[in-house]
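Chain residues, written in single-letter form:
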Amino acid sequence: MGFLNPNAFLFASLYAVLIALYLWERYRRHVEVPSLLLWEAVPEASVRTSRFRPDLVFLLQLLLLTLLIAGLAQPYLAGRAGPGPSARRVFILDTSASMQAREGRLTRFEEARQALRDRLSALAASDEVMLIAAANHPRVVASFSRDRAATMQALDKVEPVDTGTNLDLALAIAQRAAARRDRPATIEVFTDTAPPQLPPAWRERVGFVQVGESDDNLGIAGLQVLQGRFQDHREARAHVVVRNFSHREAHGFLTVQLDGDLLSRRGFSVPARSARGFPVGDFPHPGILHVRLEVDDALAADNHAYAWIRPARTMNILVVSEPSPLTTELQAIAAATGNLAFRFLSPADYTPAAADSADVVIFHRFVPPREPKRARLYIFPATSGQWLTLRGEVAELPVIDWNDEHAVMRALRPPVALPLLRAQVLDRPPWADALLSSRSGGQDVPLAFAGERDGYRIACIAFDLAAERLLAADHVDWLLLFLNLLDWLGPADSSVSVLHTGEIQILDDLPPRPRRIIDPRAKSTIVPAGARVELEALYAGEYRVSADGHEQRVFANFFDPAESDIGRPAKPAPKAAPVAAQPALSAGPEASFSPWVYAAALVLFLIEWFAAARQT
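Within every chain, residues take consecutive numbers counted from 1 along the sequence as written. Owing to the predicted nature of the model, reporting of local features is limited to residues with pLDDT of at least 70; listing and counting of side-chain atom pairs is limited to 80 or more, with chain, interface and lining totals taken over all residues. Side-chain metrics rest on all non-hydrogen atoms present in the structure, leaving aside hydrogens and water.

Draft legend 1. The arrangement of the overall build of the protein in detail. Put simply, DSSP marks the helices as runs of H or I at least four residues long and the strands as runs of E at least two long, and each gets a number from the N terminus on. Across its full length, the protein carries 12 helices and 34 strands. Each of the 616 residues in the protein was classed as buried or not, and the buried ones make up 45%. Counted over contacts in the protein with a minimum sequence separation of 6, partners at least 24 positions apart contribute 69%. Relative accessibility under 20% of the residue-type maximum defines a buried residue, over 50% an exposed one, and the middle range a partly exposed one, all with a 1.4 Å probe and only protein chains included. Every residue pair with non-hydrogen atoms within 4.5 Å of one another is taken to be in contact.

Below, the structure is given as structure tokens:
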């Protein structure tokens, strides 16, 4: 049994009105008697008006009121459950950085999670539910289940992260999970992304609950440090970009610290929907550069940024070459660059043990029979080797193409007007990427290539730098190419690294012992000895990875203009998910018997009327 209109029971307050009327009627009743001797003939209820003593008429009126209220509530007998399968539903909860934006006392994520809790509470017990958390890498946090308590528990553990979101991939995962023909499922998304920002195909196939409207955000959009491999902290420069994502002018303070020491603190204003740059320099020492915004805005994830001002570190380079103009120019470069140390050996004096103390080995016009286990650069190799296949020599070969996507070639434009005097024709190995290329005899000729083999970086310059003269005024680009190659080949300082949130960094420079990772939220994780450490930066800030007394520091910056631009259009009315084609288990009214209740109330009214008339 159930009630179609349970709000009708609010009329139960009329019971108090009925009792008040009954007492009032007794209080205002006067009985005149000619003598006190007749007082005994007066009913006791008229004498003792302070006591509530219901009579038959009152009880009939009370029962009549009860029947009228019950009729308004529309009682029915519940039908039996239908034979169809239970409903299946997939819920997607956005956990990206913009969901951390404050909307009053709550964040967008807290609003969306509460709306999802209410949605889960309203489902039938027989419904199956799947829950997906959508950030840069969507993940299923609760598979299809009828265990509502377990789903709620999984929902309570979900937290937002400092990354972008990939709703399109999350919807594809949900669509695949809901695509069973025998039991299709509906999909609902709880997000601050407006439905028009998604492909039209998804807008018509899923339900949306949108949260968030505020655009109040001022964030660090970029922090760039300009410091070459061969520059110390005194020559380093930094540039900070602060962007105002709101539609009104914003104000705040920019604080710059180096290893905790305050370098500067300046106030600023940024017009609406604009950006402003701030140069930073004159660093007193190397260290961690921390830039912080002091503003009262809705999103905190983009108010911090980190960079690494590297200390000067000497690179030891072994040059195996006969005396030549190249060795003379390298000595001049070493004299002008404080952290480049060249050591020269002739090919006749070279042994593999001589390379043990070198960071990089340069072989000029020489290929050793046994390669050293070091990063190495081959310049104009004269013979073939283990992986070098020499096809011949050509002269007057122009540069036709270069790979500007490679780290060595970024911001570098090789000269194309002057042809190279001499170049070797080599086969580029499959593990190497071309840096410079030309054509000769109808075939591509790699002029420079670089890659990694057996865990070591290797590069090769097929033309003769001794003939091109590195320090010649018209060959500056060849000097830059050479220095860029040394920078790329040189060992990286793995004690500190800086990346963007959402990126994954492999940490393999620590001893093979259990490693402890402490993330920016002070949560500690232990990685067993021997296991590969793949650090995914889900939060902005500092990660500390330690093992056996050794420590690596990883700093993650949140630079995502799409997520920082938190302004959203006015929220549309929530769009319900399309109903699945098959009927779901349900219990509905079989027959309402409100007319019978009203009929009983009419009969009771007549009985009460006759009883009241007889009493009078």
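Draft legend 2. Region of the structure containing helix α6 (residues 167–177). Restricting attention to buried positions, one finds in α6 the residues L167, A170, L171 and A174. Take α6 and look down its axis: the buried residues cluster within an arc of 100°, on one side only. On its buried face, α6 is in contact with β3 (88–94), β6 (128–134), β8 (186–191) and α7 (200–203). Each C-beta atom gives one direction from the helix axis, and the arc is the one those directions make.

Draft legend 3. Quick peek at the nonpolar core. By nonpolar core is meant a set of buried Ala, Val, Leu, Ile, Met, Phe, Trp, Tyr and Cys residues that side-chain atoms within 4.5 Å join together. Among the nonpolar cores identified, the biggest contains 45 residues, and F463, F482 and L486 are the most heavily contacted of them. Counting residues per element, this core draws most heavily on helix α10 (residues 476–489), which supplies 9 residues. Contact partners of F463, with chain neighbours within four places excluded, come to I379, F380, L420, R422, A423, L436, L447, E468, W478 and L481. Counting residues in hydrophobic clusters, the runner-up holds 23 residues, among them I220, F268, L293 and A307.

Draft legend 4. Representation of the pairing of strand β24 (residues 432–440). Pairing of strand β22 (residues 401–402) with β24 involves 2 bridges; the strand directions are antiparallel. Bridge assignment links D401 to a residue of β24, and that residue is S437. For two strands to count as paired, DSSP must find a minimum of two bridges between them. Alignment of β24 against strand β25 (residues 443–453), held across 8 bridges, turns out to be antiparallel. Opposite L436, over in β25, you have A448 as the bridge partner.

Draft legend 5. Geometry of the sheet that holds strand β14 (residues 275–280). Here we have 3 strands laid out as an open sheet, ordered β10-β11-β14, and antiparallel in their pairing. Two strands bound the open sheet, and with one partner strand each, they are β10 (218–226) and β14. Taking the axes of each pair of neighbouring strands and ignoring which way they run, one obtains an average angle of 20° across the sheet. By the bridge criterion, 8 bridges tie β10 to strand β11 (residues 237–244) in an arrangement that is antiparallel. By the bridge assignment for β11, V225 is matched with A238. Helix axes use the C-alpha atoms of the stretch in contact, all axes being lines fitted to C-alpha atoms, and the angles between their N-to-C directions lie in the range 0 to 180 degrees.

Draft legend 6. View of the packing of helix α4 (residues 108–121) against helix α5 (residues 148–157). Closest axis-to-axis distance for the α4/α5 pair is 11 Å, and the angle between their directions is 180°. Considering their axes alone, α4 and α5 lie roughly antiparallel with respect to each other. Contacts from R113, L116, R117, L120 and S121 in α4 reach R148, T151, M152, L155 and D156 in α5. When its residues are assigned to classes, the contact of α4 with α5 shows 4 nonpolar, 2 polar and 4 charged. Every angle not falling under 35 degrees, over 145, or within 65 to 115 is termed oblique; those three ranges are roughly parallel, roughly antiparallel and roughly perpendicular. Any residue that is not Ala, Val, Leu, Ile, Met, Phe, Trp, Tyr, Cys, Pro, Asp, Glu, Lys or Arg is counted as polar, Gly included; the first ten are nonpolar and the last four charged.

Draft legend 7. Representation of the side chain of T151 within the structure. One can find T151 in helix α5. Not counting chain neighbours up to four residues away, the residues in contact with T151 comprise L120, V129 and L131.

Draft legend 8. Representation of the pattern of salt bridges. Salt bridges are identified by distance alone: a Lys or Arg side-chain nitrogen within 4 Å of an Asp or Glu carboxyl oxygen. What the rule picks out here adds up to 29 salt bridges. R544 is paired through a salt bridge with E542; the nearest N and O atoms lie 3.2 Å apart. Close ionic contact of R553 with E542 constitutes a salt bridge, the shortest N to O distance being 2.7 Å. Of the two residues, R553 sits in strand β33 (residues 550–557) while E542 sits in strand β32 (residues 541–547), which places them 11 residues apart along the sequence. By sharing partners, the salt bridges in this structure join E103, R108, D192 and R568 into a single network.

Read these as layout, nothing more, since geometry by itself doesn't imply function.
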